[in-house]
Amino acid sequence: MNGVHDMLAPDPNSAGSDAQPPAPPPSSESSNGKRRKAERDLQQELGVSSEVLHLMGDIPPPILVTSRPALKPQIRHSRAMKWEWRPFTSSARTDGLALRHWANASENDDDYRFSSFNKQVDVVQYTDDEYERGLGRPDWTREETDQLMALCRQFDLRFPVIYDRWENVPSQPVKDIEDLKERYVEVSRNVLSMRNPLPDPSQKAALASLQFDKFKERERKRHLDLLFSRTQEEVDEEARLHAELLQHEERHAKLAKDRQEVISRFYKGLDPQEFANYNTKRRMIREASMNQAPTIIEGVTVTTEKLTPGLFLRSSKLSSVKPAMQAKYLAVIQELGIRPTDRPRMGTGAVSQRFEELKANVLQLLELRKMADKIETDLRVHSHKRDLMVAGGVAADAKRAAESPAVERDRKRVRR
Amino acid sequence: MATRRKKGIQAALPIVYGNETSKLPDDAPELQLGHTHQWTVYVRGPNGADIAHYVRKVVFRLHESFTNAVRTIEAPPFEVTETGWGEFEIVIAVHLHDFPERPIKLTHMLRLFPPEDQAVIDDPSRPDLLVMERYDEIVLNEPTEAFYDQFLQNISKTYPMTGPVWNRGAEVTEAEMLDRANIEVLRQMEELRRRIMEKDQGLARVKAELAAGAAMQGVLGDSAGRL
């Protein structure tokens with residue numbers, strides 16, 4: 001009861017020497033003046049209001065960062081500048097027109113500031129003599145060639161524009177953009193080689209770069225058009241066919257590899273001597289006589305092969321046939337007149353050995369049969385495709401004859 | 001060391017195992033229990049050969065419905081005779097004298113009725129007897145000197161291969177049959193191999209033709225629009 005009261009308002013007279021009178025609250029009266037001055041100093045240093053200072057406490061913040069604005073350098077001239085209205089010439093102009101502009105009085109009177117940007121493409125300029133000598137061509141007149149070179153110069157070899165500006169001469173064959181490019185390249189190359197008949201390697205390289213295959217370009221553009229104009233279905237179909245093709249190739253490669261492996265493996269066993277060895281009685285006697293022991297002991301085999309010491313039941317060591325192959329294997333065995341069982345009737349060493357040999361041979365035979373079937377179907381499929389192609393080729397030739405003669409002429413030229 | 005091994009030597013101990021069975025006579029008391037046959041499952045040497053000099057014991061594990069289903073026989077004849085009505089699999093473990101830790105495991109399907117898929121040989125002297133017997137061999141790779149010596153001593157006992165069923169003649173006949181089959185298989189393989197080579201060459205030719213044709217078409221562009 002008294003405890004609560006003690007807690008709320010401790011009684012100085014309560015029992016115990018520990019009970020001290022509560023310490024007086026830190027009065028501000030005594031050190032007031034000092035504090036006020038310190039506060040004012042801090043306030044002035046930081047440049048903040050008194051409320052903020054009270055929030056902070058007396059401890060100034062550890063780092064005080066103020067950002068300085070990045071202002072333009074203030075250039076201050078002592079006196080005003082003089083500007084004058086001045087005519088100028090540009091080396092980029094060909095007509096010598098002198099325009100006028102405001103220029104600083106101290107500025108020099110040299111070439112116009114932007115004339116260095118007037119880059120031109122080095123289009124060759126041939127003389128009449130050079131043209132006579134080696135630039136002539138039946139389907140291009142001199143005027144046409146000149147016009148072309150002028151356009152190239154004017155438009156910096158931007159052929160779409162040049163082609164657009166091109167005017168076909170009525171008496172001459174129509175030129176399309178590839179023809180123009182080809183003619184330009186031809187002229188440049190011929191002029192350069194005429195002027196410099198013995199080029200050094202770097203020049204030779206530059207010369208070699210002046211090639212343009214008109215037909216290839218046409219084809220390329222046609223292919224791009226086809227590619228661009230495919231429908232979504234066609235795109236999907238192509239992706240699917242491509243994946244299928246990859247699978248086929250993989251399978252084919254694997255098959256070829258297996259084929260090679262089996263063929264090479266078999267060629268080892270094709271010794272005619274082996275056939276002679278199949279005379280049974282002679283073989284058994286020979287086997288027995290290969291024993292090192294002087295007498296032939298029944299039931300004892302002497303081999304030089306590595307033998308792991310051990311005890312086992314002979315029939316337990318027979319190799320097994322995979323269940324998938326089991327039926328086929330037994331069928332073949334039966335064909336050969338052997339009882340279709342998985343172990344021999346009288347499984348002695350000699351008999352078991354032959355049994356295993358037969359098993360291995362039959363399995364290999366089955367594999368060979370499978371391979372023969374595969375290659376036969378392969379051959380049939382490919383022959384069929386070849387026949388189709390031959391037939392299609394005949395039809396394609398006939399169709400092509402009906403197309404425009406110019407294109408046909410080109411095609412025939414390439415074929416030869 | 002006393003147990004030196006004979007390198008390169010493989011010794012084979014022939015055994016026959018299986019069961020004989022005959023129908024119970026009409027006056028047999030076991031008929032009351034529903035049994036129909038008397039049968040004996042056994043492990044013997046072929047043609048009565050003695051196997052006791054290397055077989056220590058044979059353990060027959062019968063169907064659990066038999067009392068004391070595990071029968072251990074430690075002296076010849078290594079066989080168990082019982083009566084019953086059912087056919088079941090019997091697991092047999094043959095323990096040799098020199099290899100106490102490694103018994104040879106055999107399984108035999110007890111037969112009371114002749115199976116359809118096998119030819120039945122009738123012995124006129126015992127018309128009611130059905131015998132289902134298998135031939136097998138226990139093989140020892142690199143036996144110890146001691147074992148080998150004993151084996152050689154007992155060879156005449158081990159190999160009386162002159163009985164009616166299991167004899168040298170039968171072995172040679174089977175070996176000859178297998179040899180003939182092997183020759184035939186090799187011949188067929190050779191034929192197939194030749195055929196495969198031919199077809200392979202033909203295929204290569206056709207493929208070359210296809211490739212040449214496709215190359216031509218690729219340059220010109222097929223009129224049907226195929227690339």
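What you are looking at is a predicted structure, and each value in this text was computed from that prediction instead of being measured.

Criteria and thresholds
Residues numbered from 1 in each chain as written. Chains lettered and ligands numbered in written order. Predicted model: local features only at pLDDT ≥ 70, side-chain atom pairs only at ≥ 80, totals over all residues. Heavy atoms only, no water. Helix = DSSP H or I, 4+ residues; strand = E, 2+ residues; numbered from the N terminus. Buried < 20%, exposed > 50% of the residue type's maximum accessible area, 1.4 Å probe, protein only. Polar contact = N/O pair within 3.5 Å; in protein donor to acceptor, adjacent residues only side chain to side chain. Pairing = 2+ DSSP bridges. Axes fitted to C-alpha atoms, helices over the stretch in contact; angles between N-to-C directions. Phe/Tyr/Trp six-rings, centres within 6.5 Å; stacked < 30°, edge-to-face > 60°. Lys NZ or Arg CZ within 6 Å of the ring centre and 35° of its normal. UniProt positions renumbered as here; feature names shortened; annotations may be inferred. Salt bridge = Lys/Arg side-chain N within 4 Å of Asp/Glu carboxyl O. Parallel < 35°, antiparallel > 145°, perpendicular 65-115°, else oblique. Contact = heavy atoms within 4.5 Å. Nonpolar A, V, L, I, M, F, W, Y, C, P; charged D, E, K, R; others polar.

A. Local environment of the side chain of Asp136 of chain B. Structurally, Asp136 of chain B can be placed in strand β8 (residues 130-141). Residue classification places Asp136 of chain B among the buried positions, given a relative accessible area of 1%. Within polar-contact distance, the side chain of Asp136 of chain B engages the side chain of Ser315 of chain A at 2.3 Å. Separated by 3.1 Å, the side chains of Asp136 of chain B and Arg343 of chain A make a polar contact.

B. Summary view of the sheet that holds strand β3 (residues 55-61) of chain B. Residues and elements named next belong to chain B. Strand order across the open sheet formed by 4 strands is β4-β3-β6-β7, with antiparallel pairing between neighbours. Two strands in the sheet have a free side with no partner beyond their single neighbour: β4 (70-73) and β7 (104-109). The average angle at which neighbouring strand axes cross in this sheet is 20 degrees, direction not considered. Bridge count for strand β6 (residues 89-96) against β7 is 6 bridges, and the pairing is antiparallel. Looking at β7, one finds that Glu89 is bridged to Met109.

C. Spotlight on the packing of aromatic side chains. Residue and element names in this part refer to chain A. All chains considered together, the criterion is met by 11 aromatic pairs over all chains. Between Trp140 and Trp166, the ring centres sit 5.6 Å apart and the planes meet at 50 degrees, which makes this aromatic pair tilted. You can see Trp140 sitting in the loop between α4 (128-134) and α5 (142-154) and its partner Trp166 sitting in the loop between α6 (159-165) and α7 (177-195), a full 26 residues away along the chain. The same class applies to Trp140 and to Trp166, which are both buried. Pairwise contacts between aromatic rings join Phe88, Tyr112, Phe114 and Phe117 into one cluster. Just above the ring of Phe312 sits the side chain of Lys317; from NZ or CZ to the centre is 5.0 Å.

D. Region of the structure containing the UniProt feature "coiled-coil region" (unreviewed entry) in chain B. Mapped onto this numbering, the UniProt entry annotates "coiled-coil region" (unreviewed entry) at residues 175-209 of chain B. Across residues 175-209 of chain B, the secondary structure splits into 100% helix and 0% strand, with the terminal C-alpha atoms separated by 51 Å.

E. Quick look at the pattern of salt bridges. Taken as a whole and assessed by the stated rule, the structure comprises 40 salt bridges over all chains. The partner of Asp213 of chain A in a salt bridge is Lys216 of chain A, and the shortest N-O contact between them spans 3.6 Å. The partner of Arg314 of chain A in a salt bridge is Glu137 of chain B, and the shortest N-O contact between them spans 2.8 Å. Within this pair, whereas Arg314 of chain A is found in the loop between β4 (310-313) and α13 (323-335), its partner Glu137 of chain B is found in strand β8, the two belonging to separate chains. For the pair formed by Arg314 of chain A and Glu137 of chain B, the shared burial category is buried. Each of the salt bridges in this network shares a partner with another, and the network as a whole consists of Arg137, Asp139, Asp176, Asp179, Glu182, Arg183, Glu186, Lys214 and Arg218 of chain A.

F. The packing of α5 of chain A against α7 of chain A, seen in detail. All names here are of chain A. Taken N-terminus to C-terminus, the directions of α5 and α7 make an angle of 90 degrees; their axes are 11 Å apart at the nearest point. Between α5 and α7, the crossing angle belongs to the class labelled roughly perpendicular. Counted together, Thr145, Leu148, Met149 and Cys152 of α5 and Leu180, Arg183, Tyr184 and Val187 of α7 form the full contact between these two elements. Of the residues belonging to the contact of α5 with α7, the class tally is 6 nonpolar, 1 polar and 1 charged.

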